[in-house]
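Listed below, chain by chain, are the residues.
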Amino acid sequence: MQPDIFDDIRPYRDEEIPAAVKRIAESEILPAIAEFVYPGEEVQAVARRIAAVKSSEELLHSLAKDAVKRVLDSSTTQFTVSGFDKLDPQQPYLFVSNHRDIVLDAAILQYVLDQYGHATCYITFGANLMSNPLITDLGKSMKMFRTERGGNKMDFYKNMMHLSAYMRHLVTEENVSIWIAQRNGRTKNGIDATDPAVMKMFSLSGNRDLASSMAALHIVPVAISYEWETCDIAKAVETYMTRQNGSYVKVPGEDLQSMINGIVAPKGQVHLEVCKPLEIDDLEQLSKSKTEFFPQVAALMDKRINAAFRLMPTHYIAHDLRSGTRQYAAFYDDEKEQQFHLHLGKVTAFSDCDTELLRSILLDLYANSVDNVSRWRNS
């Protein structure tokens, strides 16, 4: 077989799946996976089921689908979806989502696509997350493709050109949908904001007509909202350490632990909404100048994502606590407020930190969403 120009970043092809699922079935952490996804079922039975998988679609319709359902059943009090009436099941889309959880933002969309009769999508996956062989096998077996963000300026540009070409190839030639985050890294301050550089990356593989080049990708903004932000205290600690030291260096295995914590932690209400796609008419109204066009596309994305973001009791409670008012008291009750106070109290466990500052950062993570959503809805 001739090497493909995208072999370095693409997911596994179906002929590569049997070897990958065999490695997954023989993994030392399979018992933990089996216990979570199929509680009460013998590990060897789960291993045989996984090892028998022959394609990515089969794996997505079995292990992945069951895993997401298990997450939603075990860690949410309510899960709601809206906006799928805006989409054509026969049309490939480039879903651009706010980013609150390493795994779940994309995994939940994947699950819902299947529920609504759409084809499952390919998912961008940072190279830093593929350092673990098992995570690599799981990811590449479930339509995740590698994105490189490091290197010098020249390497970075080449990687972005390569990624852009692959994504355009998937949507326009392979008729495949894609999920990507609106920015590099999860939102850690409660403010969902699209990076214009991501919008620019999309156009690198297109033609000189910026509007038609972007429209060909059928971009769909996506908003996912969690009542309880996944890994919220860890995000607050990261922000705290960055402020204190000027930077934050992750310890080995931290990303994997964040994935696990995000999956199992209580999330309360969760809402996913797909927004109106960006149409050619929307894009042709924007500036023809590259320096202005991409920030304007990002602003259009932000307006739609924040209009769709569902504010939860936790966001309103945090805003009232930060402001010392009862401005949003109609959106929560005493029980919810007490739960939030108990959660805030957990920062006292970090005795090597200024716990008042850490508490303030955690409050901002929730409260800022209220201000950000209000700003965009009123713009």
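How each quantity is defined
Residues numbered from 1 in each chain as written. Predicted model: local features only at pLDDT ≥ 70, side-chain atom pairs only at ≥ 80, totals over all residues. Heavy atoms only, no water. Core = buried A, V, L, I, M, F, W, Y, C linked by side-chain atoms within 4.5 Å. Buried < 20%, exposed > 50% of the residue type's maximum accessible area, 1.4 Å probe, protein only. Helix = DSSP H or I, 4+ residues; strand = E, 2+ residues; numbered from the N terminus. Lys, Arg positive; Asp, Glu negative; His and termini not counted. Salt bridge = Lys/Arg side-chain N within 4 Å of Asp/Glu carboxyl O. Contact = heavy atoms within 4.5 Å. Pairing = 2+ DSSP bridges. Right-handed = clockwise from strand over helix to strand, strands pointing away. Axes fitted to C-alpha atoms, helices over the stretch in contact; angles between N-to-C directions. Parallel < 35°, antiparallel > 145°, perpendicular 65-115°, else oblique. Nonpolar A, V, L, I, M, F, W, Y, C, P; charged D, E, K, R; others polar. Phe/Tyr/Trp six-rings, centres within 6.5 Å; stacked < 30°, edge-to-face > 60°. Lys NZ or Arg CZ within 6 Å of the ring centre and 35° of its normal.

Undergrad: Would you mind showing me how to read the nonpolar core here?
TA: The tendency in soluble globular proteins is for nonpolar side chains to be buried side by side. In terms of nonpolar packing, the biggest core is built from 38 residues, with L94, M167, M199, F202, I219, L283 and V297 touching the most fellow members. Elements that contribute at least two residues to this core include exactly β2 (94-97), α7 (153-172), β5 (178-181), α8 (196-203), α9 (210-215), β6 (219-226) and α13 (290-308). Considering each element in turn, this core owes the most residues, eight residues, to α13. Core analysis: the second largest hydrophobic core is formed by 33 residues, L113, I123, M144 and L272 among them.

Undergrad: When you look at the side chain of D302 in this model, what are you seeing that I'm missing?
TA: Tracing the chain through its elements places D302 in helix α13. Buried charged residue D302 carries no salt bridge. Nearest counter-charge: R375, at 6.0 Å. Discounting residues that sit within four places of it in the chain, D302 has contacts with Q182, D192, A193, T194 and W376.

Undergrad: Looking at this structure, I do not really get the pairing of strand β4 (residues 144-147). What am I missing?
TA: The two faces of a sheet get side chains in turn, since along a regular strand they alternate between them. Note that strand β3 (residues 122-126) and β4 share four bridges and pair parallel. Paired with I123 across the bridge in β4 is M144. One crossover worth recording links β3 to the parallel β4 by way of helix α6 (residues 133-141), and it is right-handed.

Undergrad: So what exactly am I meant to see when it comes to the packing of helix α2 (residues 30-37) against helix α3 (residues 43-51) here?
TA: The packing of two helices is summarised by the inter-axis angle and the distance between the axes. Put simply, α2 and α3 touch, their axes get as near as 9 Å, and they point 95° apart. By the angle between their axes, α2 is roughly perpendicular relative to α3. Facing L30, P31 and A34 of α2, the residues of α3 in contact are V43, V46, A47 and I50. Of the residues assigned to the contact of α2 with α3, the class counts are seven nonpolar, no polar and no charged.

Undergrad: When you look at the packing of aromatic side chains in this model, what are you seeing that I'm missing?
TA: Two measures describe an aromatic ring pair: the distance that separates the ring centres and the angle between the ring planes. Summed over the entire model, instances satisfying the criterion amount to eleven aromatic pairs. Residues W228 and F340 carry aromatic rings whose centres are separated by 5.9 Å and whose planes lie at 20° to one another, so their mutual orientation is stacked. With W228 in the loop between β6 and α10 (232-245) and F340 in helix α15 (residues 334-344), this residue pair connects regions lying 112 residues apart in the sequence. Classification of F340 as buried rests on a relative accessible area of 0%. Members of the aromatic cluster, connected to one another through ring pairs, are F6, F145 and Y166. R49 extends its terminal NZ or CZ atom over the ring of Y38, reaching a point 4.3 Å from the ring centre. In this arrangement the basic side chain of R70 is found over the ring face of F36, its NZ or CZ atom lying 5.6 Å from the centre.

Undergrad: Could you clarify how one ought to interpret the pattern of salt bridges in this entry?
TA: Opposite charge on two side chains makes pairing possible when the charged atoms of those side chains draw close. Enumeration according to the criterion identifies 22 salt bridges in this entry. As a salt-bridge pair, R23 and D137 come within 2.8 Å of each other at their nearest N and O atoms. Here R23 is found in helix α1 (residues 17-25), whereas its partner D137 is found in helix α6, with 114 residues between them in sequence. Of the residues examined, R23 reaches a relative accessible area of 40% and is grouped as partly exposed. The exposure class assigned to D137 is buried, which follows from its relative accessible area of 6%. Between R146 and E148 there is a salt bridge; the shortest N-O distance is 2.7 Å. Look at E148 and you get partly exposed, because its relative accessible area is 29%. Within the structure, one salt-bridge network assembled from shared partners comprises D4, D7, R10, R13 and E16.

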